[in-house]
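Here's the letter readout for the chains.
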Amino acid sequence: MGGQYGVMLGVTAKDFGDIRDSAVGLMRNTGYPEQDLDFRFDMALNAQTTLTVAHQQVNQDAISRWHSTLFNPGWQHSGHVTQPGTWLARTIDQERSLTYVRVDQENADSAFIQRWNATVSFQTTRESSKEYRTATDRRYQIQEIDTIGVDTQFQSRLGPGDLVYGFDYYRDTTESEGYRKRATPGLNYDRATRPIADDSTYETFGAFTQYMWKPVDQFELTAGARYTYAKAELGRYWDAAAGQDQYGADRDWDHVVGSLRGIYHFNDCWSVYGGASQAFRAPNLDDLSGNLTARSGIASTGSVDVDPEEYITYEIGTRHVTEDTSLNLSFFYTDVDDLIVGVPTTPNGATTVATNGRDGYVYGVELEGAWRFHPQWTVSGYGAWQDGRTETSAFLGGPLLDEPGSRLLPLTGSVALRWTSPTDTFWVEGRVLAAAEENRLTASDRADNQRIPSGGTPNYVVYMLHGGWRATDHLELTAGVENVTDEDYRNHGSGQNEPGTNIIMGAKVFW
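Residues numbered from 1 in each chain as written. Predicted model: local features only at pLDDT ≥ 70, side-chain atom pairs only at ≥ 80, totals over all residues. Heavy atoms only, no water.

Participant: Explain unusual backbone geometry to me, using residue names and the numbers behind them.
Facilitator: Despite not being glycine, Asp-424 shows a phi value in the positive range, around 60°. Tracing the sequence through the fold places Asp-424 in the loop between β28 (412–420) and β29 (426–435). Backbone geometry at Asp-486 places phi at a positive 60°, although glycine is not the residue there. With respect to the helices and strands, the residue Asp-486 is situated in the loop between β31 (475–482) and β32 (502–509). (Helix = DSSP H or I, 4+ residues; strand = E, 2+ residues; numbered from the N terminus.)

Participant: How would you summarise the environment of Phe-510 if you had to cite specific residues and measurements?
Facilitator: Within the secondary structure, Phe-510 is located in the segment after β32. A sequence separation of 34 residues divides Phe-510 from Glu-476, and the C-alpha atoms of the two residues are 8.5 Å apart. Contact partners of Phe-510, with chain neighbours within four places excluded, come to Arg-470, Asp-473, His-474, Leu-475 and Glu-476. (Contact = heavy atoms within 4.5 Å.)

Participant: How would you sum up the nonpolar core? Please name residues and give values.
Facilitator: Counting residues in each nonpolar core, the largest one holds 16 residues, and the members touching the most others are Tyr-202, Leu-234, Trp-253, Ala-282 and Leu-288. Listed by contribution, the elements that provide at least two residues to this core are β14 (219–233), β17 (250–265) and α1 (285–289). Beyond its immediate stretch of four places on either side in the chain, Leu-288 contacts Ala-232, Leu-234, Trp-253, Pro-283, Gly-302, Ser-303, Val-304 and Val-306. Within the second largest apolar cluster, six residues are counted, among which are Ala-435, Tyr-460, Val-462 and Met-464. (Core = buried A, V, L, I, M, F, W, Y, C linked by side-chain atoms within 4.5 Å. Buried < 20%, exposed > 50% of the residue type's maximum accessible area, 1.4 Å probe, protein only.)

Participant: Quick rundown of the pattern of salt bridges? Include the residues and the values.
Facilitator: Taken as a whole, this structure holds 28 salt bridges when the rule is applied. Residue Glu-106 pairs with Arg-115 through a salt bridge whose shortest N-O separation is 3.7 Å. Taking relative accessible area as the criterion, Glu-106 reaches 45% and is therefore assigned partly exposed. The exposure class of Arg-115 is partly exposed, given its relative accessible area of 37%. (Salt bridge = Lys/Arg side-chain N within 4 Å of Asp/Glu carboxyl O.)

Participant: Describe in detail a negative patch on the surface, supporting the description with residues and values.
Facilitator: Taken together, the side chains of Glu-310, Asp-338, Asp-359 and Glu-391 present a region of like negative charge at the surface. The topology assignment puts Glu-310 in strand β21 (residues 309–321). The exposure class assigned to Glu-310 is partly exposed, which follows from its relative accessible area of 32%. (Patch = residues over 30% accessible without salt bridge, like charges linked within 9 Å, V, L, I, M, F, W, Y side chains within 5 Å. Areas by Shrake-Rupley, 256 points an atom, 1.4 Å probe, with all protein chains shown as cover. Lys, Arg positive; Asp, Glu negative; His and termini not counted. Charge placed at Lys NZ, Arg CZ, Asp CG, Glu CD.)

Participant: Give a description of the packing of aromatic side chains that names residues and reports values.
Facilitator: Overall, the coordinates contain 14 aromatic pairs when judged by the stated rule. Linked through ring pairs, Tyr-333, Tyr-361, Tyr-363 and Trp-385 together constitute an aromatic cluster. The ring of Trp-427 has Arg-418 lying over it, and the distance from NZ or CZ to the ring centre is 4.0 Å. (Phe/Tyr/Trp six-rings, centres within 6.5 Å; stacked < 30°, edge-to-face > 60°. Lys NZ or Arg CZ within 6 Å of the ring centre and 35° of its normal.)

These figures come from the coordinates and say nothing about function on their own.
Pasting the structure below:
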């Protein structure tokens, strides 16, 4: 229609089968179905203004928390052992939809507001879970959250630089309920199994500004600030400490954070960058009133007394880009204050309550690069590592523990070699993915013994081979063999092993 309108529609149906590996064998009930819908309509209202209407929808059914169930026989690898599951079933159904309308306008460079956009959105989230702990203890939880939102962003030329500014507002409304079937017939409403506070609202408002300035051509400086206000109004929620329902707790917080970042270009290829950024996270409804099952069967409860978390991150790095090479190396350090963590209510207890831990930190390094050393050959890779410590109580009122960060990323990396035909019609790529052993564990990690093996998660090396063929201008075929050596492994913190040797084939039709 002369470029004035555009429509995109996508419908996807997926059916993930049960995972099989060389150690556990068939992991029954790890598969699940998924359906997706994506719609987008764009219309040029005039030469400067675009209207966008979009809708997204995702539905997933019967996602098993497999590690908790009897289908998990436990796992042994190089002396590391996980415990078997004991429940009959533990599944989650999830539905999410997002609808938004956006207006985007670009004006002349001489205008005070050179570009602006505004978005109004509505999002729904529904999650229901089933826990069949025994034949006579079956628990059900349902939570529904509706979110309305509006956000705006403006860009103006101010002095020698560009100013970006705007605001956003979101309001969540929740409905929550829990049921429990015991030995007696029937299904009974159970306040103690309500997942989050029922009949509640959670509001956030933010106003932000960012200024970008080039003192000289080679150096760009960016400074920003954000004000955030958050308010929670809780309806009915279960107070585990009091052993009864409570109603009507209200909390609100506000904070201002800032950031300063810079990048310096030595030439067209090399640059260095760095910066410092603050962050603030107010407690959410789960932190305040949660009543969920976490990790390996731990009862995780919230507390209306928790305070916000605060962070400051420092980063420095360098980047190199040419026609045939790319390299990015960065280091970061994050300081954490008042981290919200679950602390056992009693020594070695199976129930935790949300509290503000003491200070903590995490730091790490990331490296990625690529080199086309021949017109048809490219080698690429990446690597990452992190470490950190946190302080928290061993249990409520107990002594402080200085521990590693929970579920830290072990030294992880990948290297790939890719060949592309002179006509760009065919390509073949071999990849190696590896991770070191991760044995830096907290007390909660060690208690998570259905997911994290005793002594930590073993190292692994996995080989993959992929290829593709552009058959026509409208058809592309791909195929791959993953985990070629049938390696028995899992990612640190995961509740199930990764698939053994598997073959993936795909076809993409486009016009």
